[in-house]
There are 2 protein chains.
Amino acid sequence: MTNFYPLPINETHDVTLQSWVETANGHPDFPIQNLPYGVFSLDGGARRIGVAIGDHVLDVSALEGVFAREVEEAFRQPTLNAFIRLGRACWQDTRMKLSEMLRDDFDSPFEYSPHLYPQSEVQMHLPFRIGDYTDFYAGIHHATRVGSLFRPDNPLMPNYKHVPIGYHGRSSSIVVSGTSIRRPVGQILPDPQQPPIFAPSRRLDYELELGFVVSGGNALGDTISIEEAREHLFGVVLLNDWSARDIQAWEYQPLGPFLSKNFATSLGPWVVTFEALAPYRTPAYPRAAADPAPLEYLQDERDRMLGGLDIHLTVSLQAQSMTDPVQISEGQATDLYWTPAQLLAHHSCGGCNLNAGDLLGSGTISGPEQTQAGCLLELTMGGRDPLQLPSGETRRFLEDQDEVVFSGWCEKEGFARIGFGSCSGVILPAKTSETLATLKP
Amino acid sequence: MTNFYPLPINETHDVTLQSWVETANGHPDFPIQNLPYGVFSLDGGARRIGVAIGDHVLDVSALEGVFAREVEEAFRQPTLNAFIRLGRACWQDTRMKLSEMLRDDFDSPFEYSPHLYPQSEVQMHLPFRIGDYTDFYAGIHHATRVGSLFRPDNPLMPNYKHVPIGYHGRSSSIVVSGTSIRRPVGQILPDPQQPPIFAPSRRLDYELELGFVVSGGNALGDTISIEEAREHLFGVVLLNDWSARDIQAWEYQPLGPFLSKNFATSLGPWVVTFEALAPYRTPAYPRAAADPAPLEYLQDERDRMLGGLDIHLTVSLQAQSMTDPVQISEGQATDLYWTPAQLLAHHSCGGCNLNAGDLLGSGTISGPEQTQAGCLLELTMGGRDPLQLPSGETRRFLEDQDEVVFSGWCEKEGFARIGFGSCSGVILPAKTSETLATLKP
């Protein structure tokens, strides 16, 4: 363990760096200071690991003699898991090498330019194989605002400021950005005086989240202390935790959300590493004098000083009638009550074993203002105040063919802006009962 | 799809069958009529697929020229997943071949006897790789009794008889029977007037469950109808959903159990196939006149007639001071309000994709009598009525070094008794804060 915290800011973060990949220079998401990882394919071919640089992706699976041998081997896998398992020293070394070979003063760019592909021509895939997916609830303004809708008398539970509340999500239904999302059918209770009905969700929603990618690994029964946590965190992705509010309201007691969430979760294609994020760390969410101090296993002075993330997020929506998406809300990762290290330390404090490729969702990121609501449930106050779209339409919840697009980026004086690209999905109509009937044997 | 339901009862179930493996004849769990699958190793060697027969395990990975080629290939894998994916026709065919080769009239047992190992000499492993684990709540007497402890005014939620309540569990911490269970440390609230503390759980419990092994597979956005469900179910295992009640009580609102459950889940070593269980199917849990009819997607007349499972279960406990375990409760799978087919149809009704090796926990199986409580929380009424052990000790919840042993079996007039073996675990003391401190970097 080293003593510096957060991760070092070094020459790879130098704002003056320029790349021989010209579209990288001034790119809002993928300048040379970012270097996020993803998995892509060409023309339906095999999946390969790539690094985003400007409008291009660099096929790092094709490079020989550049990286350490174990990195080369890991880069030939169809997912990032093997690379994620290699650990921080390897990630840092690889970042340095990538930075050097992509700088404009590099003497033989022609060696690597054949391995650049326009992002517009590749197909992106899930960047890593997710073992277990846990979704937290760390957005305190979300918890408060949604709590006031579901439980007006008791919006923020007494445990909220003590326990990083989380629950297990569904791994199998996590899809990469761009995958269409089928409106789920399920049990809903439109009239509490009547029995439930089985129907397409009428209150389909998105949830603006970040995903934290775990690099592993504690044995079952062991723990990861908050001081160790950063060594177990690889990177950050955009995450949309699609939610069917009507199914959720009827099913969630007493064991939490189930079918209301497990029909799909969208993941951004690019994993921005914690190394790249080093300049954009901020203090943890400030506690008011009346707020309880975190229990000791969640306390670390360095984490309190710089464990937060200064990431800006936006949500845009494009109805079928519209030619362009319109921004409908924005969010800030600084509104997360718990840091990634606190989430990880909490997750393992009882001995639960974490593995490389496990995914921790932050919970919906909302701010205190109504324009900073991270889902439609909040934005329209449960459908009471419909959203006006420029097309003249209104939205209480998502309609079929609506496309939802998340963006995220970091900006700081003296550093380059780096971003996550986007995480999007179009809503497909539910399979109706007629369609379902024809599917029956 | 064939039209018979439940699965056929055929010559493999004939009560008069005897095996040349003599310990199988009259064996309470593993007569020739059962033939459950597991994964074992010898002396720390590679994992192999085996079939329990009497006191032995038959190494089916070593057999050549007996099964179809795809079955032979699947049997050479270190988990059952590939075999599970092959589907019912293959499973049935393989069962028939296993039954024939193990019968006492088989003419060349010497061909296969070298591949028999005493169960006492092998190490058992998790029989299949679990993708996603879902735990249901289908034990209606459990839901009612526990509900009355957590919510005296509202024991059975209004949704209970409409929705097969379930939640996502943790896959990574599922362990095979015999693995010791470390008492978890976590946030608990011993005094509601005081802040929570971080301490070893004082209310550690078991939960008596069955696990249903999914054979796959629907694409994301598709559904599995209740009529199709049995084609997607491979077998049944014993399952102990260890639970820390004090952690659970403090953390579970509003998103359900998390660390109170994810420190460990124990799985029995033997998967009893639904083919083997064909004679022991029973009607689904009877609905009272006042009970709501299941919604149409959960209704199937054949499932109502024979979708239930007549499995007897017992829980035994052995404190460190005791020389033998003592039975402390019993249960019946007929007390599950929902059938395995209903659980599966519900799970997929919103489009959630299921995969081979997914595990569905039944929820705690309790009966209406106090001696039929499937966990200590119920058995001692939240610790109010301690259990008297023959050693003179009492138990409110589990103590360190306690061993919990589940057993399960089926009996029916005219058929052989078949069983699941046992699912056990010993409680290890929590890592104390002193130990935790030494683990810190």
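Residues numbered from 1 in each chain as written. Chains lettered and ligands numbered in written order. Predicted model: local features only at pLDDT ≥ 70, side-chain atom pairs only at ≥ 80, totals over all residues. Heavy atoms only, no water.

**A few points about the overall build of chain A**
Working step 1: Within chain A one finds nine helices and 26 strands.
Working step 2: Counting across all 441 residues of chain A, residues that qualify as buried make up 63%.
Working step 3: By sequence separation, contacts in chain A at least 24 residues apart represent 74% of the contacts at least 6 residues apart.
Working step 4: About 15,600 Å² of surface is accessible on chain A, with carbon and sulfur atoms providing 50% of the total. (Helix = DSSP H or I, 4+ residues; strand = E, 2+ residues; numbered from the N terminus. Buried < 20%, exposed > 50% of the residue type's maximum accessible area, 1.4 Å probe, protein only. Contact = heavy atoms within 4.5 Å. Areas by Shrake-Rupley, 256 points an atom, 1.4 Å probe, with all protein chains shown as cover.)

**A few points about the state of the cysteines**
Here a disulfide denotes one covalent bond, and it connects the sulfur atoms of two cysteines.
Working step 1: Throughout the structure, instances matching the rule amount to zero disulfides over all chains.
Working step 2: A:C423 forms no disulfide, and the closest cysteine sulfur to it belongs to A:C375, at a distance of 15 Å. (Disulfide = S-S within 2.5 Å.)

**Comments concerning the layout of surface pockets**
Working step 1: Put simply, the largest pocket is a space of about 1,200 Å³.
Working step 2: Of all the secondary structure elements, the ones that give two or more residues to the lining of the largest pocket are α2 (81-85), β5 (123-125), β8 (174-176) and β22 (356-361) of chain A together with α2 (81-85), β5 (123-125), β8 (174-176) and β22 (356-361) of chain B.
Working step 3: Here the lining of the largest pocket is composed, by residue class, of 17 nonpolar, 18 polar and 10 charged. (1 Å grid on protein atoms, 1.4 Å probe; cavity = no way out; pocket = protein on both sides within 12 Å on 5 of 7 lines; lining within 4 Å. Points joined across faces, edges and corners; volume = space filled by probe spheres on them. Nonpolar A, V, L, I, M, F, W, Y, C, P; charged D, E, K, R; others polar.)

**A few points about the pattern of salt bridges**
Working step 1: A complete count under the given rule lists 44 salt bridges over all chains for this structure.
Working step 2: In this structure, B:E378 and B:R145 form a salt bridge, with 2.4 Å as the shortest nitrogen-oxygen distance. Of this pair, B:E378 sits in helix α8 (residues 376-379) while B:R145 sits in helix α4 (residues 140-150), and the two are 233 residues apart along the sequence. Take B:E378 and B:R145: they sit in the same class, and that class is buried.
Working step 3: Here the salt bridges do not stand alone but share partners, grouping A:D205, A:E207, A:D241, A:R245 and A:K261 into one network. (Salt bridge = Lys/Arg side-chain N within 4 Å of Asp/Glu carboxyl O.)

**Looking at the UniProt feature "domain: Fumarylacetoacetase N-terminal" (unreviewed entry) in chain A**
Working step 1: Residues annotated by UniProt as "domain: Fumarylacetoacetase N-terminal" (unreviewed entry) correspond here to residues 33-127 of chain A.
Working step 2: The span residues 33-127 of chain A is 28% helix and 22% strand, and its two end C-alpha atoms sit 20 Å from each other. (UniProt positions renumbered as here; feature names shortened; annotations may be inferred.)

**Topic: the nonpolar core**
Working step 1: The biggest cluster of nonpolar side chains holds 164 residues, and the ones touching the most others in it are A:L277 and B:L277.
Working step 2: The contact partners of B:L277, leaving out residues within four places of it in the chain, are B:V236, B:V272, B:L309, B:I311, B:C410, B:I418 and B:F420. (Core = buried A, V, L, I, M, F, W, Y, C linked by side-chain atoms within 4.5 Å.)

**Thoughts on the environment of A:V236**
Residues and elements named next belong to chain A.
Working step 1: Tracing the backbone through its elements, the reader meets V236 in strand β14 (residues 233-240).
Working step 2: Using a relative accessible area of 0% as the deciding quantity, one classes V236 as buried.
Working step 3: For the pair V236 and L360, spaced 124 residues apart in the sequence, the C-alpha separation amounts to 9.5 Å.
Working step 4: With residues near it in sequence (within four places) discarded, V236 still touches L210, G211, F212, W270, V271, V272, F274, L277, L309, I311 and F420.

**A word on the interface of chain A and chain B**
Working step 1: Of the residues lining the interface, 67 residues belong to chain A; the matching set on chain B comes to 68 residues.
Working step 2: Buried surface at the junction of chain A and chain B, both sides included, amounts to about 6,000 Å², of which 63% is carbon and sulfur.
Working step 3: The largest share of the area that chain A buries against chain B comes from A:H168, A:L255 and A:F258, three residues that together contribute 14% of it.
Working step 4: Linking chain A with chain B are six salt bridges.
Working step 5: Note that B:R170 and A:D358 form a salt bridge whose closest N and O atoms lie 2.6 Å from each other.
Working step 6: Across the chain A-chain B interface, the total number found is 25 residue pairs in polar contact (both at pLDDT 80 or more). (Buried area = accessible area lost by both parts, 1.4 Å probe. Polar contact = N/O pair within 3.5 Å; in protein donor to acceptor, adjacent residues only side chain to side chain.)

**Examining the sheet that holds strand β25 (residues 403-410) of chain B**
Residues and elements named next belong to chain B.
Working step 1: Pairing is mixed across the open sheet formed by five strands, whose spatial order is β9-β26-β25-β20-β21. Edge positions in the open sheet fall to β9 (181-182) and β21 (326-332), since each of these has one partner strand only.
Working step 2: In this sheet, strand β26 (residues 418-428) lies alongside β9 in parallel orientation, the contact comprising two bridges. Across the sheet, the residue bridging to R182 is L428, located in β26. (Pairing = 2+ DSSP bridges.)

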